[in-house]
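The lines below spell out each chain.
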Amino acid sequence: MLSLIAFSDAEAIDGKPLLSVVDREVLLRLTITACKMLAKVAEDHIDIANAVEAQ
């Protein structure tokens, strides 16, 4: 998702990015949320693996 923002800047037409400011903010918030969710899932998997190993 961050690559879309970078691509928008790199491929600007007449100095204007392909994505609007609103689109950029939405993509950024979506990226942050996805990263937080992935981190939580990874943490849960580590906790389960540690619990199984401890038995």
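Structural notes, computed from the coordinates. (Residues numbered from 1 in each chain as written. Predicted model: local features only at pLDDT ≥ 70, side-chain atom pairs only at ≥ 80, totals over all residues. Heavy atoms only, no water.)

Within the chain, the regular secondary structure consists of two helices and zero strands. Here the C-alpha radius of gyration of the chain, 18 Å, is well above what a compact globule of 55 residues would show, namely 10 Å. Along the longest, intermediate and shortest principal axes, the C-alpha atoms of the chain span 65 × 15 × 5 Å. Scored against the burial criterion, the 55 residues of the chain give a buried share of 7%. Just so you have it, the chain exposes about 4600 Å², and 66% of that area is on carbon and sulfur atoms. (Helix = DSSP H or I, 4+ residues; strand = E, 2+ residues; numbered from the N terminus. Rg over C-alpha atoms; globule rule 2.2 N^0.38 Å. Buried < 20%, exposed > 50% of the residue type's maximum accessible area, 1.4 Å probe, protein only. Areas by Shrake-Rupley, 256 points an atom, 1.4 Å probe, with all protein chains shown as cover.)

Moving on to unusual backbone geometry. Even without glycine at this site, D14 takes up a positive phi of about 55°. Positionally, D14 belongs in the loop between α1 (2-10) and α2 (21-54).

Mapping A54 onto the fold places it in helix α2. Sequence separation between A54 and R24 is 30 residues, and the spatial gap between their C-alpha atoms is 45 Å.

Let us now look at a nonpolar patch on the surface. Nonpolar side chains collect at one region of the surface, where L2, L28 and I32 lie side by side and expose about 250 Å² of accessible area between them. Residue classification places L2 among the partly exposed positions, given a relative accessible area of 48%. (Patch = residues over 30% accessible without salt bridge, like charges linked within 9 Å, V, L, I, M, F, W, Y side chains within 5 Å. Salt bridge = Lys/Arg side-chain N within 4 Å of Asp/Glu carboxyl O.)

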